[in-house]
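Topology and contacts: notes
Here is what each chain is made of, one letter per residue.
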Amino acid sequence: MEFLSKLNVNDVLNCLPDPILIIDTLGNIKFCNESFSNLLNYETDEMQDKNIINYLIDDSIVQECLVELYENHHCLDQSAIFITKDKKHVTTTKNLKLIKIDDEEYIFINIRDVSRIERINYELSSSKRELEERSKQLSDMLDDHKKQIVEKQLQLDEIINIIDEIIWYIDDKTMEIKYVSNAIEHIFGEKKEDFLNDVSLWINMIHEEDKQSVMNFFHGIKPSKADSIEFRIRKKEGSIRWLSSTITHHPSLNFFIGVTHDITQKKKDQQNMEFMAYHDVLTSLPNRSFLKNEINALLKRSQIIQQNFAVLFLDLDNFKYINDSMGHDIGDELLVKVSHRLSGTIGTKGICTRFGGDEFVILMQMQNKEDITIKAQQIIDSLTSPFKVEDHEFFITSSIGISIYPDDANNATELIKSADTAMYESKLAGKNRYSFFDTAMNTSVKEFLEVETHIKDAIAHDYFELYFQPLVDSSTSTLYGFEALLRLIHPKHGSIPPDKFIPVAEATGDIHKIGEFVMQNACRFAKRVNELSSHEIFVSINISSRQFKESSFAETFLKHAADYGVNPNLLKVEMTESILMNDIALTVKELDLLCKAGVKVALDDFGTGYSSFEYLAQLPVNTIKIDKSFIIPVFEKKSNEHIVTAITSLAHALNMDVTAEGVETDRHARYLKENNVDVLQGFYYSKALPADEIINNIDEYKNLFNL
């Protein structure tokens with residue numbers, strides 16, 4: 001310490017690479033070193049006695065720092081943005097401390113340009129060398145001012161120890177620390193005196209895996225040259241910190257002079273960035289970039305050792321509806337739970353990646369196709385158990401497409417595309433299943449995507465239209481009601497049949513928006529037509545399976561009726577057997593709510609599905625609709641007569657009425673009347689018509705059926 005006592009403070013401060021300021025309590029700059037003036041591109045004299053707020057973007061930081069300074073006697077790691085003379089911004093951190101000079105309080109500010117930390121380290125090392133040389137030159141000149149020198153020595157020591165990097169001198173022969181600043185206590189977690197007294201303490205704290213490389217580094221430093229190294233230390237309590245040291249060898253002084261700072265957070269940030277580059281933020285699963293790299297690695301390996309592998313493209317069925325109805329927070333939490341379950345099912349047999357949204361891609365090495373078949377079914381089965389998110393319970397199914405290398409493609413892009421195509425085939429086949437890729441799928445998927453585009457055009461530009469086909473009371477030949485039938489008339493592609501666009505809309509989830517359109521316009525029509533009629537006219541509305549699976553379907557349906565002022569007694573919902581039998585508990589619950597409000601229920605296409613009489617007796621069904629496929633053969637082959645009679649008798653025995661579709665001739669109508677079918681529907685009476693055409697000619701239609 002003796003050689004430090006002979007330094008001139010101004011010279012010392014100008015030697016330091018860190019920008020230094022001394023201001024009075026009003027913020028006026030009383031001293032700034034050359035590093036600070038260089039940082040802002042000013043001459044030192046230009047800044048003398050100027051207030052510091054002239055050089056700050058946000059002058060409120062001064063007040064905040066002063067408050068903290070007077071409360072704690074120091075203010076550490078405060079961020080601030082300075083303005084350079086050429087109007088550029090410099091982002092810094094600064095440490096403030098109160099010091100006394102001639103019994104006056106001043107504020108000492110140590111500033112660091114965080115964007116140029118390495119340059120600062122180098123400059124600090126250079127300043128240290130310069131400081132040593134100057135201290136030797138000045139020692140002979142300060143003999144007459146010993147008292148002043150002692151005061152200045154204390155000030156210098158205080159300045160060095162404010163800096164949060166470790167400054168140290170190490171003997172180049174014994175590796176003994178000869179001098180070290182107070183910062184070592186914060187970074188290493190041991191007392192400064194322990195390092196000065198124990199030559200091996202700092203070496204023993206170096207991580208065992210880095211110790212040899214650190215020793216080699218010291219031995220390799222060339223005289224009068226500076227070099228840097230990053231290494232780890234292990235503190236006594238077991239924690240590991242990353243350090244960066246810039247070391248200069250001064251052979252004439254027999255010293256290694258070093259500046260060391262803690263870069264643990266920087267290392268963590270780097271690791272996080274590397275992790276996030278190849279992993280999904282939400283689920284922490286590997287992401288699309290990782291997947292492609294892994295496939296490419298397998299492709300290279302297979303060139304040496306022939307090995308098949310499979311790509312499984314998984315999409316969650318109906319997930320978009322959950323996001324839209326429950327919100328993205330619940331949707332995100334559900335995705336996390338799904339990812340955990342998928343990872344647990346796949347285990348070490350493959351890699352599960354999140355491809356995007358509700359899509360996951362699984363990469364699996366395989367011995368034979370049977371292995372993949374078993375694993376695909378296991379994955380599907382693993383998702384069947386309900387997921388609980390907050391107070392909600394969700395039942396999830398998935399559709400999987402599978403492509404195999406080298407059978408289906410020989411590069412990452414085509415393998416993923418083929419698996420995606422096969423996944424669409426699983427969707428079209430009814431979902432909750434897997435499909436292996438076949439080249440023929442490209443055509444069906446292309447058609448699927450074209451229809452999907454037409455549907456989205458129709459939703460965006462109101463191409464959907466609701467038509468209504470009359471239902472006639474067979475006993476009185478009066479207008480009984482109308483069935484609402486959806487039409488998609490595209491201005492470029494013409495009329496697209498419902499049997500083409502409904503399955504696609506159900507597969508993509510667009511059926512929910514379409515269903516809302518149907519319910520709203522059917523209710524509006526029911527209100528208008530009944531205002532013009534002297535007797536009640538029913539409106540029958542077809543409901544898709546996706547709509548009915550909504551937990552609040554009945555509530556939503558009744559709300560639309562209320563919004564349009566329609567008596568629920570005038571509405572009837574039509575559903576197929578497969579919808580009703582899919583989840584009996586849900587079916588009974590939702591239908592009971594509808595029936596209690598007065599809504600009627602029709603079982604559509606009876607005889608083409610389960611035709612379970614056991615369930616039929618349990619469900620609150622009012623109407624059975626005989627599919628036209630049973631009506632036409634009665635007249636063509638004299639077959640199905642007994643089936644029509646049996647269905648009618650069964651329905652009447654269960655206190656239900658019967659509607660027959662496909663009535664196209666007078667002969668059809670007479671036969672069905674004779675067999676006690678209650679309501680008739682078909683081209684014999686009328687094709688489906690736009691709402692306005694019916695409303696404008698309602699009297700004509702009522703009279704027509706009475707003829």
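Everything below is about the structure printed above this text.
Procedures and definitions
- Residues numbered from 1 in each chain as written.
- Predicted model: local features only at pLDDT ≥ 70, side-chain atom pairs only at ≥ 80, totals over all residues.
- Heavy atoms only, no water.
- Pairing = 2+ DSSP bridges.
- Helix = DSSP H or I, 4+ residues; strand = E, 2+ residues; numbered from the N terminus.
- Axes fitted to C-alpha atoms, helices over the stretch in contact; angles between N-to-C directions.
- Buried < 20%, exposed > 50% of the residue type's maximum accessible area, 1.4 Å probe, protein only.
- Contact = heavy atoms within 4.5 Å.
- Parallel < 35°, antiparallel > 145°, perpendicular 65-115°, else oblique.
- Left-handed = near helix turned anticlockwise from the far one by under 90°.

Some points on the sheet that holds strand β13 (residues 359-365)
Strand order in the open sheet formed by five strands is β12-β13-β11-β16-β17, and the pairing between neighbours is mixed. Lying at the two open borders of the sheet, with one neighbouring strand each, are β12 (350-356) and β17 (434-436). Between one strand and the next, the sheet's axes are offset by a mean angle of 20°, whatever the strand orientation. Summarising the sheet, strand β11 (residues 309-316) and β13 pair through seven bridges and their orientation is antiparallel.

Here we look at unusual backbone geometry
Of note, the amide linkage connecting Tyr-405 to Pro-406 takes the cis form, showing an omega dihedral of 5°. Among the secondary structure elements, Pro-406 is positioned in the loop between β16 (398-405) and α16 (412-428). With a phi angle near 65°, Asn-41 is a residue other than glycine that sits in the positive phi range. By the element assignment, Asn-41 lies in the loop between α2 (34-40) and α3 (44-47). On the basis of relative accessibility, which here comes to 42%, the residue Asn-41 falls in the partly exposed class. In this structure, Ser-284 takes a positive phi of about 65° despite not being glycine. Considering the arrangement of structural elements, one finds Ser-284 in the loop between α11 (264-277) and α12 (288-304).

Topic: the sheet that holds strand β2 (residues 29-32)
Strands sit in the order β2-β1-β5-β4-β3 across an open sheet of five strands; the sheet is antiparallel. The sheet is open, and its two edges are formed by β2 and β3 (74-83), each paired on a single side. Within this sheet the neighbouring strands show an average axis-to-axis angle of 30°, counted without direction. Pairing of strand β1 (residues 20-23) with strand β5 (residues 104-113) involves four bridges; the strand directions are antiparallel. Considered in β5, the bridge of Leu-21 is made with Ile-109. The sheet contacts of helix α4 (residues 60-72) involve β3, β4 (89-101) and β5, and relative to β3 the element is tilted by about 165°.

Observations concerning the pairing of strand β21 (residues 538-542)
Summarising burial for β21: four of the five residues are buried, a large majority. Pairing of strand β19 (residues 479-490) with β21, which is carried by four bridges, proceeds in the parallel orientation. Among the inter-strand pairings, Gly-481 is bridged to a residue of β21, identified as Phe-538. In this sheet, strand β22 (residues 571-576) lies alongside β21 in parallel orientation, the contact comprising four bridges. Each residue of the ladder has a partner; that of Asn-542, found in β22, is Glu-574.

Quick notes on the packing of α12 against α16
Remark: α12 packs on α16, axes separated minimally by 9 Å, with the N-to-C direction vectors making an angle of 115°. The orientation of α12 relative to α16 falls into the category roughly perpendicular. Classified by chirality, the crossing of α16 by α12 is right-handed. On α16, the residues that touch Leu-291, Lys-292, Ile-295, Asn-296 and Leu-299 of α12 are Ala-412, Leu-415 and Ile-416.

What to know about the pairing of strand β6 (residues 166-171)
When you tally the buried positions in β6, you get six out of six residues, the bulk of the element. Burial along β6 is two-sided: the face carrying Ile-166, Trp-168 and Ile-170 and the face carrying Ile-167, Tyr-169 and Asp-171 are both buried. Where β6 lies against strand β10 (residues 255-262), six bridges are found, and the strand directions are antiparallel. The partner of Asp-171 across the bridge, within β10, is Phe-255. Looking at chain direction, β6 and strand β7 (residues 177-180) are connected through three bridges and run antiparallel. Looking at the pairing, Tyr-169 lines up with Tyr-179 of β7. Once β6 ends, the chain turns through five residues before running back antiparallel as β7, passing Met-175 with a positive phi of about 60°.

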